[in-house]
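# Chains, contacts and geometry: an overview
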Amino acid sequence: MSDNDNGISGFGWFLAGLGVGALVGVLYAPKAGKETREDLVASALDARDRAAVLAQQAQDRAAVLAAQGKQQVSEYVDRGKEYYDRGRTQWSQYVEKGKGLVQEQQDKVSAAIDAGKEAYTSATSESHS
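Residues numbered from 1 in each chain as written. Predicted model: local features only at pLDDT ≥ 70, side-chain atom pairs only at ≥ 80, totals over all residues. Heavy atoms only, no water.

## A short note on the overall build of the protein chain
Filter applied, for reference: Segments assigned H or I by DSSP are reported as helices when at least four residues long, segments assigned E as strands when at least two residues long, and all are numbered from the N terminus. All accessibility values rest on the Shrake-Rupley procedure with a 1.4 Å probe; residue burial counts only the protein chains present in the view.
From N to C terminus, the protein chain includes two helices and zero strands. Carbon together with sulfur atoms contributes 60% to the accessible area of the protein chain, which is approximately 10900 Å² in total.

## Considerations on the pattern of salt bridges
Here is the rule: What counts as a salt bridge is simple: a side-chain nitrogen of Lys or Arg found within 4 Å of a carboxyl oxygen of Asp or Glu. We call a residue buried when its accessible area falls under 20% of the maximum for its residue type, exposed when it is over 50%, and partly exposed in between, using a 1.4 Å probe and counting protein chains only.
Enumeration over the complete set of coordinates arrives at five salt bridges. Put simply, Glu96 and Lys99 hold a salt bridge, and the shortest N to O gap is 3.7 Å. Here Glu96 and its partner Lys99 are both found in helix H2 (residues 33–128), three residues apart, which amounts to about one turn of the helix. Under the relative-accessibility criterion, Lys99 is labelled exposed at 51%.

## Looking at a nonpolar patch on the surface
Operational definition: Nonpolar side chains (Val, Leu, Ile, Met, Phe, Trp, Tyr) are joined into patches within 5 Å and like charges within 9 Å, using only residues with over 30% relative accessible area and no salt bridge.
A contiguous nonpolar patch, built from Val20, Leu23, Val24, Leu27 and Tyr28 and spanning about 570 Å² of accessible area, is present on the exposed surface. Assignment of secondary structure puts Tyr28 in helix H1 (residues 2–28). Given the relative accessible area of 69%, Tyr28 is considered exposed.

The quantities given are spatial measurements derived from coordinates; they are silent on function.
Structure below.
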């Protein structure tokens, strides 16, 4: 931002200097009134042309900076989507892995319960026999 501010204030200083220079030139010029007026008109037209060129350059530079900004925003959005997708994929993998671990533990608990039931059944049938 400071580059843009310097460019704008530099343009203002340029115009101020141009005006002061034209005024000093008129005051110290040993010319006739008609020649002085013609010189003033020529200087004013030259200043207008220079101002138009500087304005066009500033507009072109602003367009370039805007395009660069849009490109950077687009890159950041794409990178954000990539991180989101990667995180979502990893989260899905962790959820599936967790489901597998839970199922494995449920199977072990069921096997232990079945083994306990068998042990109880065989122990009670032995004691009744």
